[in-house]
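Here's the letter readout for the chains.
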Amino acid sequence: MSWGTELWDQYDNLSFHTQKGIDFLERYGHFIRDRCLIEMEYAGKLRRLVKNYQPKKKDEEEYQYSPCKAFKAMLCEVNDLAGQHEVIAENLQSDVIREINYLVKDIKEERKKLLQDSAKYVAMINNQVASLERSRKNYEKAFKEAERALDNFQRADADLNLSRAEVEKQRMNMAIKNQHCEESKTDYANQLQKTNELQSQHYKALMPEVFRQLQELDEKRIRNVRHFMAHSADVERNVFPIINKCLDGIINAANQINEKQDTILVIERYKSGFEPPGDFPFDDLSRGGESMPLIMPGGNTFVSSGIGAHRAESMTVKGTMSAGKLKKRVGLFAIFSSNKLMDVCSSVKNNLSSSGDKDDYSELPPNQRRKKILQKLDEIQAKLHQEVAAKDGLMKMKGVYESNPALGDPMSTEGQLNECSQRIDKLNSDMTRYQGLLQEVECNGSPAGSRKYESNTEHNGIGNGSTNNISSHKLNMSIPDGRAPLGEDESLSRSASDSSVSIPAVGLNNRYPGETVSLGASRNSLANDEDTPYYDIHDLPPLGTCTALYAFEATSEGSIPMFDGEQLLIIEQDQGDGWTRVRRQPPNAEEGFVPTSYISIHSS
């Protein structure tokens, strides 16, 4: 069914209907626009929410627990969700709103043109009808005048008193009026035919074509509304997979929460390292201050040490023994038969206390102090590696300038090299100091499985000439890598004065005269003194195997050569200096250091 045939007489209603359709399309466009604003506002609020709940720098230590880590991961996923809502808004803005605006503009222009054409056609038919009406009126007027002229002629012709001239005059007037009437009649007939033809064309061809185009225009509008609605849904559906991934990420983060591990972390974080307080002594006033054991019900024995023997200041606020009281307790060191370890700890303490530094974390409990010192050592070692890399670059630049003076003055790098060397010396000094603090803490009681730092500063600090004031002391320590500690007769003593290897200060492949460093080949060397029996290093089991990637020629004491593809046993892992201690396959079983970057480790 077509508007042109069924609604041929509903021009005004069709004009109003098409205008309402355009208004509806514009309203739908406003709805999509407002929804984009809501999506953007929602995304912005989500991002502000994530930003407000991001962990502050002061709370980073709290985020080592699994719920906090999961919450931080969830914040990242929520931030991604906000991004997907922004994608929805952007796609609706570019794919729907813009197309709606273009469509509204096109429909308005086409409708305006069609209405102008229809108005022109209506004006034409109205003008023709008006012309027909004028012709009809002219014909009617001429016909009446002709009838009056005929009537006058008949009366004059019947009147015998009128002259023949008067009668002839009336006859001539009648003839003129009749001719005028016939002309008006002919004109009226012509106008009638023309009007009928135009009216037929107007209602059967011109206006139906206009109505047909208006119908197609309205169908186009409706069809596009359907397309826009479906496309809006597709825009949102397209981000569902990513939203589901974000939700899966939140679920995975929640599944990573481990209550057992968190409770262990609480122990590691707050463990003081102090021993629980002993029994309260019994003060027997009747004995005049003499101490006496008193057996109480339940089998507990209380020893009286006189009035005032137990002092409140020996307890801290939290009920643990104070640091001063702890240092007088020697039960922790009963496993060692020699007093040399206590002498070493006293020497380290005296050396450190004489420096007058305030950042030794002495106000913390032993376990927390040890953690802080280990963190500080890691920071110093990272800075030391950066400074060594910077010095390496400066030495290379100096070598390039020396080989080609046109590129620059070699002396221009001397100031930077001096500053770099001073910073390295300062870092090595700090490394030595904190290693001493770490050994002091471990002397007072090192937890099982604790991490050990080498006491030879020249091994950890590259390119300096400083010495360690505690490196010459031999300390009884556990065998590295988690193996069982040696007993009193099997203590493994580490000495930094046994042997050293000279290597370049700036790398393995760039050797410069005068830049040597002690490699610390004695990190696992055995001291055979009067208190410690000899312990053969070959008895240590290998930690894994490795394959030589490149051939290496040993030019320094303590290192061994290797050829490309050779299989070696790992005896000691790289401690951060770029060297790994290896052993050849039996029967040679030669041991020494090789560059870590020259080997590929298979297992450890």
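Computed from a predicted model, the values in this text were never measured in an experiment. (Residues numbered from 1 in each chain as written. Predicted model: local features only at pLDDT ≥ 70, side-chain atom pairs only at ≥ 80, totals over all residues. Heavy atoms only, no water.)

(A) Here's a closer look at helix H5 (residues 240-255). Taking 1.5 Å per residue as the helical rise, H5 with its 16 residues ought to reach 22 Å, and the 22 Å between its terminal C-alpha atoms agrees with that figure. For H5, every residue scored as buried is listed here: Ile 243, Cys 246, Gly 249 and Ala 253. One side of H5 holds all its buried residues, which, seen down the axis, span an arc of 110°. Residues of H5 that are exposed and point more than 90 degrees away from the buried face comprise Lys 245 and Asn 255. Residues of H5 that are buried sit in contact with helix H3 (66-158). (Helix = DSSP H or I, 4+ residues; strand = E, 2+ residues; numbered from the N terminus. Expected span 1.5 Å × (residues − 1). Buried < 20%, exposed > 50% of the residue type's maximum accessible area, 1.4 Å probe, protein only. Arc of directions from axis to C-beta. Contact = heavy atoms within 4.5 Å.)

(B) The arrangement of the packing of helix H2 (residues 11-52) against helix H4 (residues 164-238) in detail. Taken N-terminus to C-terminus, the directions of H2 and H4 make an angle of 15°; their axes are 11 Å apart at the nearest point. Accordingly, the angle class assigned to the pair H2 and H4 is roughly parallel. The interaxial crossing formed by H2 with H4 has left-handed handedness. Contacts from Tyr 11, Leu 14, His 17, Thr 18, Gly 21, Ile 22, Phe 24, Leu 25, Tyr 28, Ile 32 and Arg 35 of H2 reach H4 at Met 207, Phe 211, Leu 214, Asp 218, Arg 221, Val 225, Phe 228, Met 229, Ser 232 and Glu 236. (Axes fitted to C-alpha atoms, helices over the stretch in contact; angles between N-to-C directions. Parallel < 35°, antiparallel > 145°, perpendicular 65-115°, else oblique. Left-handed = near helix turned anticlockwise from the far one by under 90°.)

(C) Main features of the pattern of salt bridges. For the structure on display, the rule yields 26 salt bridges. One salt bridge connects Arg 155 with Asp 151, and the closest N-O pair in it is separated by 2.2 Å. Placement of the pair is Arg 155 and Asp 151 together in helix H3, with a separation of four residues, close to one helical turn. Classification of Asp 151 by relative accessible area gives partly exposed; the value is 37%. Asp 218 serves as the salt-bridge partner of Arg 221, at 2.9 Å between the closest nitrogen and oxygen. In this pair, Arg 221 and Asp 218 are both assigned in helix H4, three residues apart and thus about one turn of the helix distant. Given the relative accessible area of 8%, Arg 221 is considered buried. One salt-bridge network, in which partners are shared between bridges, spans Glu 133, Arg 136, Glu 140 and Lys 144. (Salt bridge = Lys/Arg side-chain N within 4 Å of Asp/Glu carboxyl O.)

(D) Spatial organisation of the sheet that holds strand S7 (residues 544-548). Ordered by their spatial adjacency, five strands build an open sheet running S10-S9-S8-S7-S11, and the pairing between neighbours is antiparallel. Where the open sheet ends on each side, the last strands, each with one partner, are strand S10 (591-595) and strand S11 (599-601). Neighbour-to-neighbour, the strand axes of this sheet turn through a mean angle of 45°, independent of strand direction. Bridge analysis of strand S8 (residues 567-572) against strand S9 (residues 579-584) gives four bridges, and the strand direction is antiparallel. Note that in S9 the partner of Leu 569 across the bridge is Arg 583. (Pairing = 2+ DSSP bridges.)

(E) Main features of the environment of Ala 73. Structurally, Ala 73 is set in helix H3. Placed 177 residues apart in sequence, Ala 73 and Ile 250 show a C-alpha to C-alpha distance of 7.0 Å.

(F) Layout of the packing of aromatic side chains. All told, the structure shown has eight aromatic pairs when counted by the stated rule. The interplanar angle of 0° and the centroid separation of 5.8 Å between the aromatic rings of Tyr 139 and Tyr 188 together place this pair among those described as stacked. Of this pair, Tyr 139 sits in helix H3 while Tyr 188 sits in helix H4, and the two are 49 residues apart along the sequence. On the basis of relative accessibility, which here comes to 21%, the residue Tyr 188 falls in the partly exposed class. An aromatic cluster is built from Tyr 550, Phe 552, Trp 579 and Tyr 598, whose rings are joined through pairwise contacts. Taking NZ or CZ as reference, Arg 433 lies 4.9 Å from the ring centre of Tyr 434, over its face. (Phe/Tyr/Trp six-rings, centres within 6.5 Å; stacked < 30°, edge-to-face > 60°. Lys NZ or Arg CZ within 6 Å of the ring centre and 35° of its normal.)

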